[in-house]
Amino acid sequence: MSQHRSTLVGRDDDVGAVADTLRGVGPVRTLAITGAAGAGKSAVLKEAWQIAAGEGVTVRRLAWESAEGEPGVPALVDAVCRVLAGIHDGRLPVRITEIRRAELRTDGRDGDLTVLSTMGRMLADAAHYVPFALVLDDCERMPAKTASALGLMLRAFRPAGLPVVMAYDTQTPGHADPGLLAAADRVLELAPLTGHDVRALVEQRLGRPTEPEVAQAVTRSLGPLAGNPQAVLCVLDALVEDAGLLELDGRILLVGGQDCLRPTGTLAEVCRVACPGLPLDEEVLMRTVVFAHLTGAADFRLSDVQDMARWKPGHAAAVARTVDWLVTHRVLTIDGSGGLAFAVPAFAAALRATPPPLPDLPSAHARIVASALGRMGPAAGADHPRLAEHVVAAGELVEDADAARLLLTAAGAYAGTAPDRAVRAYLAALRRLPGDDPGRVGILQTAAVLAWRNADPAGLLALGEPLCATAAARPDAVPADLADPAATWGVAALYEHLWADGKGAEPWRVVRQLPGGAELAALGSRYGIGPVMPGPHRDAPARVPAQRRAAQPAGGPDVIAAHSAVCPPDAAMPSSAHLRLLAAVVSGGDALRAARDDLLPQALGDAALESMRIAAGYGDLAGAFAAVLSEVCRTGWGTVAERYHAMVDAYRAGRWEEALACARRIEAYVRGPGAAGPSVLARVLAAEIHCATGDQQRALAWLGQVPDTVVHPLGGWVRLGVRYRSGDPDEAFDGGWRDVRRARESGLLEGLERLLGRLFLYGGYEDRPEITHRAVSELEALYEESGSPRAGEVLLLARSVLRRAPDRVRQVLDLAWERGDLPLRLLCLDMGALADSEPELWLAAAIEEAHALGARHIERSPLGHRARAYGLTLSSPRRRAADEGAGELDLRLVEMVGGGATNRQIAVRLACSEKTVEQHLTRLFRQTGCRSRSELAAAWLDGRLAGLGLPADPRRR
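Residues numbered from 1 in each chain as written. Predicted model: local features only at pLDDT ≥ 70, side-chain atom pairs only at ≥ 80, totals over all residues. Heavy atoms only, no water.

- The name an unreviewed UniProt entry gives the protein chain is Regulatory protein, luxR family, with Actinacidiphila guanduensis as the organism.

What follows is the structure, encoded as structure tokens:
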């Protein structure tokens, strides 16, 4: 088979096979292309047709759908004659006459075989004089008699020398006669696209690289149609229409909250792709729309369908027939418990976008609830907790007392198996209870514990509305028992970057009135979430109360037992001491020491404190929480704070592409319909990565989304770098000192050393001693005030530059390697180049790091300017094969090995890690054939390595 690169994703081999048949290459003379609706049969046939035509092959289409005459042989005769009419070789009248004579001779008699034989001979005669190929498409729609006649002709009277390609859908119920398929020498079934092909198709359609989540969401939404090209394209087109896609950094992302995707097109067009063969009459479509709305609102089962039939006896047969059709055509699936669900979620979403023909759908849910209550009585909620969803969907049609009872018992039943549903049921019950009901607080506490324990941020944030309603019912004073649910909501709100005076701020007013609430509300501003608020105070209450046993709600003792069993009294929440510590670590110094003393002895080790300091320097709230509250604060919520924590980890480890992907996903997430605030520090860090890698335009685009009011030191650090690289050092320095002053006034000291270190570095680049000396003075004051180890390290680097002491810089570099702190490592290399009178090694190491991080346009950066001044190459180092000559770094390495230096000593001199030295030595051993360091040194000294570019130079020895 000939090789061809198709424009159709995943169809290279298929297009090649069809093109070969049309050319008459190979043993296949009659080829059938089959596959599901939307698999791309027509597209494959069309592209193969274009390829063959481009090579001079004549291709004719058998237009069976426009043929005149009765279905069967008469219609086939008309279609074949039209094909022959397009063959201009002078024998046209003879062929047409022969076929028409055969038709007339057998008119009224059983002479179909004679006519079919004549048509086969005439087609073969035409193909002999003017070679051509014949194609047929949409054969599944061909009348059965016509398809049967064509199949018989191709099997019994096959036209010699005439390639035939036909395409039809064998999965559509009632497709063309199987005899047509039996006439094929080969059946080419188009397989569903693989996951890799789906992503390639998505990128081809959108014309941009995409994040993996786009293809994954499309695949999830299509279920069994995930490999269907037409279905994939329909969903993508709908995403574009609905503005469900976002472009950042030249990549396409899915806007958050777009899990339920839908295909584009009219309802009938969507049905043809999602459920080919389904009767498309108005009644069936409308009943399918009703089922989509019912299954979307609640857990819908076959027993509910039976109830629907009983409600309207005259429609019983129609309802049963519709369900039978939908199940037969695999539109609906049935699980072991009789639950109904749409096989293709995107199809269900398209149906739900259509207004239901029945305006009283809530009454359908109400009747299901009434039917269950009639059969089982008050125990219905416990035995069938799914009724909770029907109660919610029924709205006011179910009495508040009945609704509250059913919802609470259903929540108790769900608590052990489906805690997210239990939380939704508890919150729905609160909407049915009066604001002054004594059981509201207990229900709120139980829902808070369930949501907290099961990493349900949506459930935690949903506590805000009933929290406000419960507090509003007691205007004189907020009940102290609300402290735990309020604190739980507050932590969840901070994790989603919902700050105290911004989006969704109403519950914060309740939180602030409770013990420890003011500290919690102010905590976000210490980590770059919202504007800066007053810092921590020593006179705050000792502790946020622990979870209490739920108060008795309405509904009786049986209801209480159903939900209070999941609410143990020891479900602890962050204490006020924890909150003070989280706020104080940003400032350090006396405030941090006092906050640490408030904790129990040995409650916070040095390693945990160090992790908190690092997190605070990046405004990483989730990282700080995890360091001090690992047993209390659960992770895995997928919140903004956790996504930013993952970004910080990737950035510090040097996985910058991964860090940028995190930033893009955060932007897509917060722009969705969910309740989440932006992460300005994620934008800041993304700008820093682009600036460091030489993409100034994207750096400015990210930084342009950051308000100048952000005073966290991380923002000032990045603003300084972007402004300096934009070519205006004076503006950069002025802005940098302004950011230093604002951070100090706000008490945000952790991370300030990074900004001061960059000011010192750029002052050195510009030979501005007033800048460098001021930066050192500020660093000394910062270290004395905060006691931050990182401030001490940056101060040591600055002093080492002023004293021309590169060995002290290497000490800090070793610490950076041990901790895996890439930003500090990069700063050490820059500082080492300033401190060393021979900075070439430092600059070369910095260039190597920059290339490893994906830096572009190094020549435009301050590093590139300094490297060129010393004659260093800026091109990306390529890997050398084992038989290639050695480079300058290898020669230096061999010299030091010959001088008896250890790996650690070599690493210090080359400004790299010991692991890097080991890797270089391993490659040298393989390249030279030496088995040890002594053999390598001896071979070099004897001159045996000169041919590999490692000469033994006496002057260098």
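From this point, the narrative continues.
**Describing the overall build of the protein chain**
For step 1, the next point in the chain: When helices and strands are tallied, the protein chain shows 48 helices and 9 strands.
For step 2, the next point in the chain: Pairs at least 24 residues apart make up 69% of the contacts formed inside the protein chain by residues separated by at least 6 positions.
For step 3, the next point in the chain: Carbon together with sulfur atoms contributes 52% to the accessible area of the protein chain, which is approximately 40300 Å² in total. (Helix = DSSP H or I, 4+ residues; strand = E, 2+ residues; numbered from the N terminus. Contact = heavy atoms within 4.5 Å. Areas by Shrake-Rupley, 256 points an atom, 1.4 Å probe, with all protein chains shown as cover.)

**Here's the deal with a nonpolar patch on the surface**
For step 1, the next point in the chain: Taken together, Leu302, Val327 and Ile334 make up a surface patch of nonpolar side chains, about 190 Å² in accessible area.
For step 2, the next point in the chain: Along the chain, Ile334 falls in strand S8 (residues 332-334). (Patch = residues over 30% accessible without salt bridge, like charges linked within 9 Å, V, L, I, M, F, W, Y side chains within 5 Å. Salt bridge = Lys/Arg side-chain N within 4 Å of Asp/Glu carboxyl O.)

**Digging into the pairing of strand S1 (residues 30-34)**
Each regular strand carries side chains that alternate between the two faces of the sheet.
For step 1, the next point in the chain: The element S1 is extensively covered by neighbouring structure, given that 5 of its 5 residues are classed as buried.
For step 2, the next point in the chain: Of the two faces of S1, the one lined by Thr30, Ala32 and Thr34 and the one lined by Leu31 and Ile33 are each fully buried.
For step 3, the next point in the chain: Alignment of S1 against strand S4 (residues 164-168), held across 5 bridges, turns out to be parallel. Bridging from a neighbouring strand, Thr34 pairs with Tyr168 of S4. (Buried < 20%, exposed > 50% of the residue type's maximum accessible area, 1.4 Å probe, protein only. Pairing = 2+ DSSP bridges.)

**Description of the sheet that holds S4**
For step 1, the next point in the chain: What the 5 strands build is an open sheet, ordered S2-S3-S4-S1-S5; its pairing is parallel. Looking at strand neighbours, the two that pair on one side only are strand S2 (58-61) and strand S5 (186-189), the edges of this open sheet. Neighbouring strand axes in the sheet, compared pairwise and without regard to direction, differ in orientation by 20° on average.
For step 2, the next point in the chain: Taken together, the 4 bridges between S2 and strand S3 (residues 132-136) define a ladder with parallel strand orientation. Within S3, the residue paired with Arg60 across the bridge is Leu134. (Axes fitted to C-alpha atoms, helices over the stretch in contact; angles between N-to-C directions.)

**Here's the deal with the environment of Tyr651**
For step 1, the next point in the chain: In this fold, Tyr651 is placed in helix H32 (residues 640-652).
For step 2, the next point in the chain: For the pair Tyr651 and Ala686, spaced 35 residues apart in sequence, the C-alpha to C-alpha distance is 9.4 Å.

**A closer look at empty space enclosed by the protein**
For step 1, the next point in the chain: Applying the stated criterion to the full structure yields 4 cavities of 30 Å³ or more.
For step 2, the next point in the chain: Counted as a void, the largest cavity has a volume near 700 Å³.
For step 3, the next point in the chain: Along the walls of the largest cavity sit 44 residues, with Arg758, Pro823, Leu826, Leu827 and Asp830 positioned nearest its centre.
For step 4, the next point in the chain: In terms of residue class, the lining of the largest cavity is built from 23 nonpolar, 7 polar and 14 charged.
For step 5, the next point in the chain: The space that makes up the second largest cavity amounts to roughly 80 Å³.
For step 6, the next point in the chain: When contributions to the lining of the second largest cavity are tallied by element, the ones reaching two or more residues are helix H10 (229-241) and helix H11 (267-274).
For step 7, the next point in the chain: Along the lines of polarity and charge, the residues of the lining of the second largest cavity split into 10 nonpolar, 1 polar and no charged. (1 Å grid on protein atoms, 1.4 Å probe; cavity = no way out; pocket = protein on both sides within 12 Å on 5 of 7 lines; lining within 4 Å. Points joined across faces, edges and corners; volume = space filled by probe spheres on them. Nonpolar A, V, L, I, M, F, W, Y, C, P; charged D, E, K, R; others polar.)

**What to know about helix H6 (residues 144-156)**
Given 3.6 residues per turn, any residue in an α-helix points the same way as the ones three and four places further on.
For step 1, the next point in the chain: In this model H6 runs 18 Å from its N-terminal to its C-terminal C-alpha over 13 residues, within 8% of the 18 Å that 1.5 Å per residue would give.
For step 2, the next point in the chain: Residues of H6 that are buried include every one of Thr146, Ala147, Ala149, Leu150, Gly151, Met153 and Leu154, and no others.
For step 3, the next point in the chain: The inward-facing, buried residues of H6 abut helix H3 (73-85), helix H5 (112-129), S3, S4 and helix H7 (178-182). (Expected span 1.5 Å × (residues − 1).)

**Comments concerning the pattern of salt bridges**
For step 1, the next point in the chain: A complete count under the given rule lists 56 salt bridges for this structure.
For step 2, the next point in the chain: Between Arg158 and Asp185 there is a salt bridge; the shortest N-O distance is 2.8 Å. Of this pair, Arg158 sits in the loop between H6 and S4 while Asp185 is found in the loop between H7 and S5, placing the two residues 27 residues apart along the sequence.
For step 3, the next point in the chain: Residue Asp185 is classed as partly exposed on the basis of its relative accessible area, which comes to 38%.
For step 4, the next point in the chain: Between Glu778 and Arg744 there is a salt bridge, and its shortest N-O distance comes to 3.3 Å. Of this pair, Glu778 sits in helix H39 (residues 769-786) while Arg744 sits in helix H37 (residues 729-745), and the two are 34 residues apart along the sequence.
For step 5, the next point in the chain: For Glu778, a relative accessible area of 19% puts it in the buried group.
For step 6, the next point in the chain: You can call Arg744 partly exposed: its relative accessible area is 24%.
For step 7, the next point in the chain: Counted as one network, the salt bridges with shared partners bring together Glu211, Glu213, Asp249, Arg251, Arg664 and Arg665.

**Thoughts on the side chain of Thr118**
For step 1, the next point in the chain: Tracing the backbone shows Thr118 in helix H5.
For step 2, the next point in the chain: Overall, Thr118 belongs to the buried group, its relative accessible area being 4%.
For step 3, the next point in the chain: Other than its neighbours up to four places away in sequence, Thr118 contacts Glu98, Ile99 and Ala102.

**Thoughts on the nonpolar core**
For step 1, the next point in the chain: Tyr644 and Met647 are the most contacted members of the largest nonpolar core, which has 90 residues in total.
For step 2, the next point in the chain: Filtering out sequence-adjacent residues up to four positions away, Met647 remains in contact with Ala659, Cys662, Ala663, Ala682, Leu685 and Ala686. (Core = buried A, V, L, I, M, F, W, Y, C linked by side-chain atoms within 4.5 Å.)

**Re the environment of Asp598**
For step 1, the next point in the chain: Structurally, Asp598 can be placed in helix H29 (residues 589-598).
For step 2, the next point in the chain: Between the C-alpha atoms of Asp598 and Leu581, which are 17 residues apart in sequence, the distance is 8.6 Å.
For step 3, the next point in the chain: Polar side-chain contacts of Asp598 include one of 3.0 Å to the side chain of Arg580. (Polar contact = N/O pair within 3.5 Å; in protein donor to acceptor, adjacent residues only side chain to side chain.)

**Concerning the packing of aromatic side chains**
For step 1, the next point in the chain: Taken as a whole, this structure holds 9 aromatic pairs when the rule is applied.
For step 2, the next point in the chain: Summarising the aromatic geometry, the rings of Tyr618 and Tyr651 are spaced 6.2 Å apart at their centres and angled 65° between planes, so their arrangement reads as edge-to-face. Pair noted here: Tyr618 is in the loop between helix H30 (606-617) and helix H31 (621-628) and Tyr651 is in helix H32, with a separation of 33 residues, a long-range link.
For step 3, the next point in the chain: Classification of Tyr618 as buried rests on a relative accessible area of 2%.
For step 4, the next point in the chain: Tyr651 sits in the buried class, given a relative accessible area of 2%.
For step 5, the next point in the chain: Arranged with centres 4.0 Å apart and planes meeting at 10°, the rings of Tyr724 and Tyr762 form a pair that is stacked. Taken together, the residues span a long stretch of sequence, with Tyr724 in helix H36 (residues 713-725) and Tyr762 in helix H38 (residues 752-765) at a distance of 38 residues. Note on accessibility: Tyr724 and Tyr762 belong to one class, buried.
For step 6, the next point in the chain: Each residue in the set Tyr724, Phe733, Tyr762 and Tyr765 is aromatic and connected to the rest through ring pairs, giving one cluster.
For step 7, the next point in the chain: Here Arg754 stacks its cationic end above the ring of Tyr618, 4.2 Å away from the centre of that ring.
For step 8, the next point in the chain: The lysine or arginine in question, Arg774, covers the ring of Trp737, its NZ or CZ lying 3.9 Å from the ring centre. (Phe/Tyr/Trp six-rings, centres within 6.5 Å; stacked < 30°, edge-to-face > 60°. Lys NZ or Arg CZ within 6 Å of the ring centre and 35° of its normal.)

**Some words on the packing of helix H8 (residues 195-206) against helix H9 (residues 212-222)**
For step 1, the next point in the chain: At a closest axis distance of 9 Å, the pairing of H8 and H9 adopts a crossing angle of 110°. In this view, H8 runs roughly perpendicular relative to H9, as classed from their interaxial angle. Once H8 is placed against H9, the crossing between them reads as right-handed. Residue-level inspection shows Val198, Arg199 and Val202 of H8 in contact with H9, the latter providing Pro212, Val214, Ala215 and Thr219. (Parallel < 35°, antiparallel > 145°, perpendicular 65-115°, else oblique. Left-handed = near helix turned anticlockwise from the far one by under 90°.)

**Things to note about the packing of helix H21 (residues 440-453) against helix H23 (residues 464-472)**
For step 1, the next point in the chain: Close contact between H21 and H23 brings their axes to 11 Å; oriented N to C, the two are set at 155°. Relative to H23, H21 is oriented roughly antiparallel. The handedness of the crossing between H21 and H23 comes out as left-handed. Taken together, the residues of H23 that come into contact with H21 (itself represented by Arg440, Val441 and Leu444) are Pro466, Leu467, Ala469 and Thr470.
For step 2, the next point in the chain: Among the residues forming the contact of H21 with H23, the class breakdown is 5 nonpolar, 1 polar and 1 charged.

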